[in-house]
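Remarks on the overall topology
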Amino acid sequence: MLTATALATAVPTAGAAPAAPANRGGGTAKPTIVLVHGAFADASSWREIVPRLQSDGYRVMVPANPLRGLPGDTAYIASVLRSVEGPIVLVGHSYAGAVISGAAVGNPHVKALVYINALVPDEGEVLSALSGMFPGSELDPALKPVPFTEPDGSIGTDLHVTPELYRRVLAASLPQTTTAVLAASQRPIEAQAFKDAAGPVAWRTIPSWAVISRQDRAVSPELERFQARRARSRTVEIDAPHLVMLTHPKAVTDLILDAARSRSRASTTGEPPRTVLTTTESTGSTGPTGSTAPSVTGAADAAVVAGAGVVSVVRRRRPTES
């Protein structure tokens, strides 16, 4: 039987590549890459990315995002980051973009943020309002609210994507059989998460990268571009749906590696952020084959930022609300 001490010791190494060296001390150590999933998904949404990063010698962690509300989710991921020794590249998809933006605040080990089709709020912004700034999202009509009972007896609301619309809204280019499994195994998010105001954000002080998918029907591509400009992120655009890490894993991996290999951010020295248009990868039942890597321009020294993407939804009322 595992003791509490043994469990605590095991947490920091979850999802790590066994052969990767520990990141202790020195600034030349390879960073640990922490991948945070968004709403309506789980850690397996990174299954095409993890082995690619591990094969390049990086230690990888893929913590479970609780999806119970922005303050709590942020605090949980922040605690995971405190367990990591050495530099960190923090990556977030969809809703996780908001989570990692807060979780990295005050942590000097986070050297870069990478946002994948993400919601990237500024301090004080509410996610439902942010997601409504630009047209293009088809997520809200696809959501099904499901009441649940909190431990204190109060009623909360979970949001699910209707299975029949999951493929169209989140993963249009994946095979139907694949998206049927994703829809059946999706993790819901508490509706309150999209009513919570964001706290302080790390993208104002930590360099960032961003993937924008032109065919995203969950988070508006125009919103993704606006956020990337605001954060001065180095940006790659791809002809892909919302679950781009499953449809175009090589392009996503290459951007994360570009961030991980960088040492300084071009925008901090006055150089404007760069946008690169990438070649579409061909996709199969479990991911792309024969894919073309994105070419990221800019200073070779640019620093890395890993961010979590977030899925946008409009405000939903709880059943007990008037």
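Read on for an overview of the structure. These numbers come from a predicted model, not from an experiment. (Residues numbered from 1 in each chain as written. Predicted model: local features only at pLDDT ≥ 70, side-chain atom pairs only at ≥ 80, totals over all residues. Heavy atoms only, no water.)

Helix and strand counts for the protein chain stand at 11 helices and 12 strands. Buried residues in the protein chain amount to 55% of all 322 residues. Of the roughly 12900 Å² of accessible surface on the protein chain, a fraction of 57% belongs to carbon and sulfur atoms. (Helix = DSSP H or I, 4+ residues; strand = E, 2+ residues; numbered from the N terminus. Buried < 20%, exposed > 50% of the residue type's maximum accessible area, 1.4 Å probe, protein only. Areas by Shrake-Rupley, 256 points an atom, 1.4 Å probe, with all protein chains shown as cover.)

Here we come to helix 7 (residues 163-170). Among the residues of helix 7, those classed as buried are Tyr166, Val169 and Leu170. The buried residues of helix 7 occupy an angular sector of 95° when projected down its axis, which confines them to one face. Looking at the packing, one finds that the buried side of helix 7 touches helix 6 (139-142), strand 6 (155-161) and helix 8 (176-185). (Arc of directions from axis to C-beta. Contact = heavy atoms within 4.5 Å.)

Another point: unusual backbone geometry. The phi angle at Leu67 is positive, at roughly 60°, despite the residue not being glycine. In this structure, Leu67 sits in the loop between strand 2 (60-61) and helix 3 (70-82). Even without being glycine, Arg232 reaches a positive phi, approximately 55°. Secondary-structure assignment places Arg232 in the loop between helix 9 (221-231) and strand 9 (234-238).

Attention now moves to the sheet that holds strand 7 (residues 189-190). Spatially, the 3 strands line up as an open sheet ordered 5-6-7, and their pairing is antiparallel. With partners counted over all chains shown, the strands left at the sheet margins are strand 5 (143-149) and strand 7, one partner each. Direction of pairing for strand 5 relative to strand 6: antiparallel, over a ladder of 7 bridges. The residue of strand 6 that forms the bridge with Thr149 is Ile155. (Pairing = 2+ DSSP bridges.)

With that settled, consider the pairing of strand 3 (residues 88-93). Looking down a regular strand, the side chains alternate between one sheet face and the other. Most of strand 3 sits out of view: 6 of its 6 residues are buried. Side chains of strand 3 alternate between two faces, with Ile88, Leu90 and Gly92 and Val89, Val91 and His93 buried alike. Relative to strand 3, strand 1 (residues 32-36) runs parallel, the two sharing 5 bridges. The partner of Val34 across the bridge, within strand 3, is Leu90. Direction of pairing for strand 3 relative to strand 4 (residues 110-116): parallel, over a ladder of 5 bridges. Note that in strand 4 the partner of Val89 across the bridge is Ala112. In this view, the connection linking strand 3 to its parallel neighbour strand 4 by way of helix 4 (residues 96-103) has right-handed handedness. (Right-handed = clockwise from strand over helix to strand, strands pointing away.)

This part covers the packing of helix 3 against helix 4. Contact geometry of helix 3 with helix 4 gives a least axis separation of 8 Å together with a crossing angle of 60°. In terms of orientation, helix 3 and helix 4 fall into the oblique class. Here the hand of the crossing between helix 3 and helix 4 comes out right-handed. Along its contact with helix 3, which presents Leu70, Asp73, Thr74, Ile77, Ala78 and Leu81, the element helix 4 presents Ala98, Val99, Gly102 and Ala103. (Axes fitted to C-alpha atoms, helices over the stretch in contact; angles between N-to-C directions. Parallel < 35°, antiparallel > 145°, perpendicular 65-115°, else oblique. Left-handed = near helix turned anticlockwise from the far one by under 90°.)

This part is about the packing of helix 7 against helix 8. Remark: helix 7 packs on helix 8, axes separated minimally by 9 Å, with the N-to-C direction vectors making an angle of 115°. In terms of crossing hand, the pair formed by helix 7 and helix 8 is right-handed. Where helix 7 abuts helix 8, its residues Pro163, Tyr166 and Arg167 lie against Gln176, Thr179, Leu182 and Ala183.

As for its placement among the helices and strands, Val126 is situated in the loop between strand 4 and helix 5 (127-131). Residue Val126 is classed as buried on the basis of its relative accessible area of 18%. Along the backbone, Val126 and Ala197 are 71 residues apart, and their C-alpha atoms lie at a distance of 4.4 Å.

Residue position: Leu170 is located in helix 7. When its relative accessible area of 2% is taken as the criterion, Leu170 is described as buried. If we ignore the near neighbours within four places in the chain, the residues touching Leu170 are Phe40, Val161, Ala218, Pro241, His242 and Leu243.

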